[in-house]
Amino acid sequence: MRGKNSILNIMDIPFLNISKSSLVNDILRPHLMNGNKTFIVTANPEIVMRTKEDASYKKVVQSADYVIPDGAGILLAAKYKKHPLRERIPGYELMLDLLQIANEKGLSCYFLGASGSVNLKVVRVVEQKYPNVKIAGHHHGFFQLDDLSVVEDVKRASPDLIFVALGLPKQEQWIEMHNNQFEKGLFMGVGGSFDVLAGVVKRAPQAWINLNLEWLYRLLKQPFRLKRIFKVFKFMFLILLKKE
Ligand code: UDP
């Protein structure tokens, strides 16, 4: 993977050190134009901690073609390791950039994940905002990982891009489990991005994002995330103690 771009390993996860515009224009756009099969993980500290606790999930994440730093904690860890990463690449923004390319080039997209109503809303929003995108298909995200009818539906649709919003670890596991059956397609786990695109969840205001406080905004809006935030603190703790 990853050519001449530098890689920073954080807890054995190889993060690509690249700007979003270079990732999109120099790497992903050509992959899309050539129909190369590509697996992208946008990883935050929660994903990294999960790989630490679950060896099989670690293999899944390591099998990605590109692991992208999403999450202020990853950037902080990189700085601390004296190997700063160029920038944080939020999965949501990367998804919008890819939709933009799909719109320019008339590519087809499959939307897999989130609740039935959010999934439908995402399709409506894409139809409206990106009218040249071909909707190859869509399916809600509440099914068993080994439910083959879902993967069969995606295969039949033969999409150029497959956005998978099942949350971690399910979205990366689903991609890794099935993408060997595809000839082409850019597969990307997008977490809660469908909820944001559908307008059901609000992204933090830009000022919070600029201050690297998007995680705090999400925590205040969705207090059930508190348990997950402890993972982020544990991650930072391990980095600061140079245990990793
Ligand atoms: N989800 C799903 N199937 C599942 C579990 C979750 O489709 O079995 C969806 C959920 O509805 C939400 C997304 O996956 O749209 C996960 O969002 P979350 O905010 O937890 O992800 P994060 O961005 O924090 O990784």
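Above this note sits the structure.
Per chain, residue numbering runs from 1 following the sequence as it is written. Where local features are concerned, this predicted model is filtered to residues with pLDDT of at least 70; where side-chain atom pairs are given and counted, the filter is 80 or more; whole-chain, interface and lining totals use all residues. Values reported for side chains reflect all heavy atoms of the structure, with hydrogen atoms and water molecules removed beforehand.

*Asks:* An account of the overall build of the protein chain is needed here, citing residue identities and associated values.
*Replies:* Elements are defined by DSSP. Helices are runs of H or I of four residues or more, strands are runs of E of two residues or more, and each kind is numbered from the N terminus. Helix and strand content of the protein chain: twelve helices and eight strands. Restricting the calculation to C-alpha atoms gives the radius of gyration, and the globule rule supplies 2.2 Å times the number of residues raised to the power 0.38. Against the globule reference of 18 Å for 244 residues, the protein chain gives a C-alpha radius of gyration of 17 Å, in line with a compact fold. With the C-alpha coordinates aligned to their principal axes, the bounding extent of the protein chain is approximately 50 × 40 × 35 Å. Counting all 244 residues of the protein chain, 51% fall into the buried class. Whether a residue is buried, partly exposed or exposed follows from its accessible area with a 1.4 Å probe, protein chains only, as a fraction of its type maximum: under 20%, in between, or over 50%, in that order.

*Asks:* Any details on the nonpolar core? Residues and values, ideally.
*Replies:* Remark: nonpolar core denotes a set of buried residues (Ala, Val, Leu, Ile, Met, Phe, Trp, Tyr, Cys) joined through side-chain atoms within 4.5 Å. Counting residues in each nonpolar core, the largest one holds 39 residues, and the members touching the most others are Phe 163 and Phe 194. Of all the secondary-structure elements, those providing two or more residues to this core are helix 1 (20-34), strand 4 (66-69), helix 5 (91-105), strand 5 (108-113), helix 6 (116-129), strand 7 (161-165), strand 8 (186-189) and helix 9 (193-197). Considering each element in turn, this core owes the most residues, seven residues, to helix 5. Those residues in contact with Phe 163 that lie beyond four places of it in its chain are Met 95, Leu 98, Leu 99, Cys 109, Tyr 110, Phe 111, Leu 112, Met 188, Val 190 and Phe 194. Core analysis: the second largest hydrophobic core is formed by 38 residues, Ile 10, Ala 64, Leu 112 and Ile 239 among them. Whether two residues touch is decided by their heavy atoms; if any such pair falls within 4.5 Å, the residues are in contact.

*Asks:* Please set out helix 4 (residues 72-80) residue by residue, giving values where relevant.
*Replies:* Taken together, the buried positions of helix 4 are Ala 72, Gly 73, Ile 74, Ala 77 and Ala 78. Buried residues along helix 4 sit in contact with strand 1 (7-10), strand 2 (13-16), strand 3 (38-43), helix 2 (45-53), strand 4 and helix 12 (226-240). Looking one or two residues beyond helix 4, the residue adopting positive phi is Lys 82, at roughly 60 degrees.

*Asks:* Go over the site of the ligand, please, and point to the residues and values.
*Replies:* By nearness alone, 15 residues border the ligand, and Ala 114, Gly 141, Asp 195, Arg 225 and Arg 228 come closest of all. A 3.5 Å cut-off defines polar contacts: any pair of N or O atoms within that distance qualifies, except that in protein one atom must be a possible hydrogen donor and the other a possible acceptor, and neighbouring residues in sequence count only when both atoms are side-chain atoms. Within the backbone of Gly 141, one N or O atom sits 2.7 Å away from a nitrogen atom of the ligand. Contact between the ligand and Arg 225: an oxygen atom at 2.5 Å from a side-chain N or O atom of the residue. By convention in this text, a residue qualifies as near a molecule or strand provided that one of its non-hydrogen atoms is within 4 Å of it.

*Asks:* Requested: an account of the pattern of salt bridges, with residues and values cited.
*Replies:* The salt bridge definition used is simple: a Lys or Arg side-chain nitrogen within 4 Å of an Asp or Glu carboxyl oxygen. For the structure shown, the criterion picks out 13 salt bridges. As a salt-bridge pair, Arg 29 and Glu 104 come within 2.9 Å of each other at their nearest N and O atoms. In this pair, Arg 29 sits in helix 1 while Glu 104 sits in helix 5, placing the two residues 75 residues apart along the sequence. Since its relative accessible area comes to 22%, Arg 29 is described here as partly exposed. The network of salt bridges with shared partners includes Asp 70, Arg 88, Glu 93, Arg 203 and Glu 214.

*Asks:* For helix 6, give the residues involved together with the corresponding values.
*Replies:* The span you would expect from a helix comes to 1.5 Å times its residue count less one. Between its first and last C-alpha, helix 6 extends 20 Å over 14 residues, near the 20 Å set by a 1.5 Å rise per residue. Among all positions in helix 6, only Val 118, Asn 119, Val 122, Val 123, Val 125 and Val 126 are buried. The buried residues of helix 6 occupy an angular sector of 165 degrees when the element is viewed end-on, so they sit on one face. Buried residues belonging to helix 6 abut helix 5, strand 5, strand 6 (134-139) and helix 9. Of all possible arcs, the one meant is that of the directions from the helix axis to the C-beta atoms.

*Asks:* Would you mind going over the packing of helix 2 against helix 3 (residues 55-62) in detail, with residue names and values included?
*Replies:* Geometry of a packed helix pair, given as the angle between the helix axes and the separation of the axes. Running from amino to carboxyl end, helix 2 crosses helix 3 at an angle of 130 degrees, the nearest separation of the two axes being 5 Å. Between helix 2 and helix 3, the angle is such that the two are oblique. Here helix 2 contributes Ile 47, Arg 50, Thr 51 and Glu 53 to the contact with helix 3, which in turn contributes Ala 55, Tyr 57, Lys 58 and Val 61. Under this grouping Gly is polar, as are all residues other than the nonpolar Ala, Val, Leu, Ile, Met, Phe, Trp, Tyr, Cys and Pro and the charged Asp, Glu, Lys and Arg. For the contact of helix 2 with helix 3, the residue count by class is four nonpolar, one polar and three charged. Axes here refer to lines fitted to C-alpha atoms; in helices the fit is confined to the stretch in contact. Angles between the N-to-C directions go from 0 to 180 degrees. Oblique is the label for any angle not covered by the other classes, which are roughly parallel (under 35 degrees), roughly antiparallel (over 145) and roughly perpendicular (65 to 115).

*Asks:* Give me the pairing of strand 3: which residues, what numbers.
*Replies:* Most of strand 3 sits out of view: six of its six residues are buried. Here strand 3 shows two buried faces, one formed by Thr 38, Ile 40 and Thr 42 and the other by Phe 39, Val 41 and Ala 43. The rule for pairing is simple: two strands pair if DSSP sees at least two bridges between them. In this structure, strand 3 lies alongside strand 8, joined through three bridges in parallel fashion. In the strand pairing of strand 8, Phe 39 is matched with Phe 187. Relative to strand 4, strand 3 is paired through four bridges, and the arrangement is parallel.

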